[in-house]
Amino acid sequence: DVSELDGAALYHRLQAGQSVAGAKILVERCRERGIGDLLFLTGPLGFLNHISGSAVEIDVMSFADRGVVLTHSPLIHNKCVKCGPLEYDHLRMYNYHWLINTVTEQHSEGDQLNVYDALYQQLGFDPQDIEPRWKRPSATLLAEDFQNLDRFYKFVWDARKVDLRRIGYFVVAPFANATLRCMNYGRWLDIIRALGTRRPVVVVGNSGLRLPDTDMSAGSFNQAVGSIGGGVFNAVDSTSLRVLMALIARSTGVISLDSAPLYIAQALNVPAISIWGTHAPGARIGYDKNYMDLAIWKQDACQNSPCFAYTRFPVDKCPDGNRQISCAVTADVSVDDVLLKVDMIESNSTNTFTKT
């Protein structure tokens, strides 16, 4: 456990003021955290690379299934994460270690730090001294990722004779691996149907994760999406993580909760409409105006918003108490709220996004 390493002979905590030029650094985020948490790290990793004059070697430890989001990243050694157990003796292979047990998930204060500020604070930097360009995620795609995406495009063509390579489409990500961040599935169905009359819609997700139930079960919702037809394509469990990234990169835009597809879109500079509940959007995307402009946060729906709850509904604060099945803030989001943001993307009225 990270807390047990203080004072250990081989543990050299990475801190501001140390010379990192030519150093080897080991980074590990608590492995149970998700894909978004790995992407959050890329901001500080980019900053460390910058201040070292690109003369630092950084290894990132991660589970393989989520670590592939960082594959090809020039910020990490060998452009891929390291997998497997981390043993104490391995620490001697590095000059410094940044082993992150928690960032903000143990705090529920109303004035919670932005996640990037919290990460820089852990390193001993004054967050206000760090430029906003180092407070956003990054990701890298190669030609092979888009070649694999072509197989998905062919599947869609064979099934519906719709060529997603030539028609702008939206990626809709209605799932989050926590009830607290979810929106009622009935509302998602309304949004998907309405958006599907404008453009093709690709609904994505991974049922291998814990998908919470809201006003209906996740399974019933998945079946309902599959029965819409027309320009709506149910791609739940149909794409690997790298193909999902490429799918997002080629999309007109993304509609997502506070979950991995939002941060993948941000990392790839793809417009993303984000829907927020227990958390304030500024705590995640606050340094990126393009994404803040597209965020939907109906804070007035709950007098205790934001509560920054992580594990369960704070029933003493929720409007429906122990009967709360989804956050009142996300429940207040309407189809029109989302379509208004879609119009912003379609009309290019947001600041310019530069896709990479």
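What counts, and where the lines are drawn
Residues numbered from 1 in each chain as written. Predicted model: local features only at pLDDT ≥ 70, side-chain atom pairs only at ≥ 80, totals over all residues. Heavy atoms only, no water. Pairing = 2+ DSSP bridges. Helix = DSSP H or I, 4+ residues; strand = E, 2+ residues; numbered from the N terminus. Contact = heavy atoms within 4.5 Å. Axes fitted to C-alpha atoms, helices over the stretch in contact; angles between N-to-C directions. Buried < 20%, exposed > 50% of the residue type's maximum accessible area, 1.4 Å probe, protein only. Salt bridge = Lys/Arg side-chain N within 4 Å of Asp/Glu carboxyl O. Core = buried A, V, L, I, M, F, W, Y, C linked by side-chain atoms within 4.5 Å. Phe/Tyr/Trp six-rings, centres within 6.5 Å; stacked < 30°, edge-to-face > 60°. Lys NZ or Arg CZ within 6 Å of the ring centre and 35° of its normal.

### Observations concerning the sheet that holds strand β9 (residues 295-296)
Within a sheet, each strand pairs with its neighbour through backbone hydrogen bonds, oriented either parallel or antiparallel.
So, step 1. Taken in spatial order, the six strands line up as β6-β5-β4-β7-β8-β9 in an open sheet, and their pairing is parallel. The outermost strands of the open sheet, each flanked by one partner alone, are β6 (232-234) and β9.
So, step 2. When strand β4 (residues 170-173) meets strand β7 (residues 253-256), the two strands line up parallel, connected through four bridges. Directly across from V172, in β7, lies its bridge partner I255.
So, step 3. Contacting β4, β7 and β8 (272-275), helix α8 (residues 260-267) crosses the sheet at an angle of about 150 degrees to β7.
So, step 4. The strands touched by helix α12 (residues 335-346) within the sheet are β4, β7, β8 and β9, with β8 carrying the most contacts at an inclination of about 160 degrees.

### What to know about the sheet that holds strand β1 (residues 24-29)
So, step 1. Here we have three strands laid out as an open sheet, ordered β2-β1-β3, and parallel in their pairing. Two strands in the sheet have a free side with no partner beyond their single neighbour: β2 (57-61) and β3 (96-100). Taken pair by pair, the neighbouring strands of this sheet meet at an average axis angle of 15 degrees, ignoring direction.
So, step 2. Bridging between β1 and β2 involves five bridges; their strand directions are parallel. Residue K24 lies in a different strand from β2, and its bridge partner there is E57.
So, step 3. Here helix α1 (residues 35-51) sits on the sheet in contact with β1, β2 and β3, set at roughly 160 degrees to β1.

### Some words on the environment of V60
So, step 1. When you line up the elements, V60 lands in strand β2.
So, step 2. Accessibility expressed as a relative area gives 1% for V60, which makes it buried.
So, step 3. In this structure, the C-alpha to C-alpha distance between V60 and S251, residues 191 residues apart in sequence, is 29 Å.
So, step 4. Setting aside chain neighbours within four positions, we find V60 in contact with V27, L45, L70, I76, V81 and K82.

### A short note on unusual backbone geometry
So, step 1. With an omega of 0 degrees, the peptide bond between S305 and P306 qualifies as cis.
So, step 2. Structurally, the position occupied by P306 is in the loop between β9 and α11 (328-331).
So, step 3. Positive phi values are uncommon outside glycine, yet H72 reaches one of about 75 degrees.
So, step 4. Summarising the element assignment, H72 is placed in the loop between α2 (64-67) and β3.

### Some details on the side chain of E28
So, step 1. Within the element layout of this structure, E28 appears in strand β1.
So, step 2. Taking the relative accessible area as the measure of exposure, E28 reaches 12% and is therefore buried.
So, step 3. Apart from the residues within four sequence positions on either side, E28 is in contact with M61, L86, W98, L99 and I100.

### Section: the pattern of salt bridges
So, step 1. For the structure on display, the rule yields 22 salt bridges.
So, step 2. The salt bridge involving D37 is made with R33; its shortest N-O contact spans 3.4 Å.
So, step 3. In this structure, D343 engages R198 in a salt bridge whose closest nitrogen and oxygen atoms are separated by 2.7 Å. Note that D343 is positioned in helix α12 and R198 in the loop between α5 (185-196) and β5 (201-203), a separation of 145 residues in sequence.
So, step 4. Here the residues in one salt-bridge network are R29, R33, D37 and E105, joined through shared partners.

### Observations concerning the nonpolar core
So, step 1. I25, V27, V69, F152, L164, L247 and I264 are the most contacted members of the largest nonpolar core, which has 71 residues in total.
So, step 2. One finds I191, L195, V232 and V338 within the second-largest nonpolar core, a separate group that totals 34 residues.

### Quick word on the environment of R323
So, step 1. Along the polypeptide, R323 turns up in the loop between β9 and α11.
So, step 2. For the pair R323 and F313, spaced ten residues apart in sequence, the C-alpha separation works out to 9.7 Å.

### Considerations on the packing of aromatic side chains
Centre distance and the angle of the planes are the two values used to describe a pair of aromatic rings.
So, step 1. For the structure shown, the criterion picks out ten aromatic pairs.
So, step 2. The interplanar angle of 70 degrees and the centroid separation of 6.0 Å between the aromatic rings of F175 and Y185 together place this pair among those described as edge-to-face. Of this pair, F175 sits in the loop between β4 and α5 while Y185 sits in helix α5, placing them ten residues apart in sequence.
So, step 3. With relative accessibility at 8%, the residue F175 sits in the buried group.
So, step 4. Judged by centre distance (4.8 Å) and plane angle (20 degrees), the ring pair of Y185 and F221 falls under stacked. Residue Y185 is found in helix α5, and its partner F221 is found in helix α6 (residues 218-228); the two are separated by 36 residues along the sequence. As far as burial versus exposure is concerned, Y185 and F221 are alike and both buried.
So, step 5. Cluster of aromatic residues (ring-pair linked, three or more members): F47, Y120, F125 and W134.
So, step 6. A cation sits over an aromatic face here: K24 above Y94, 5.8 Å from the ring centre.
So, step 7. Of note, R31 hangs over the ring of F63, and the distance from its end group to the ring centre comes to 5.8 Å.

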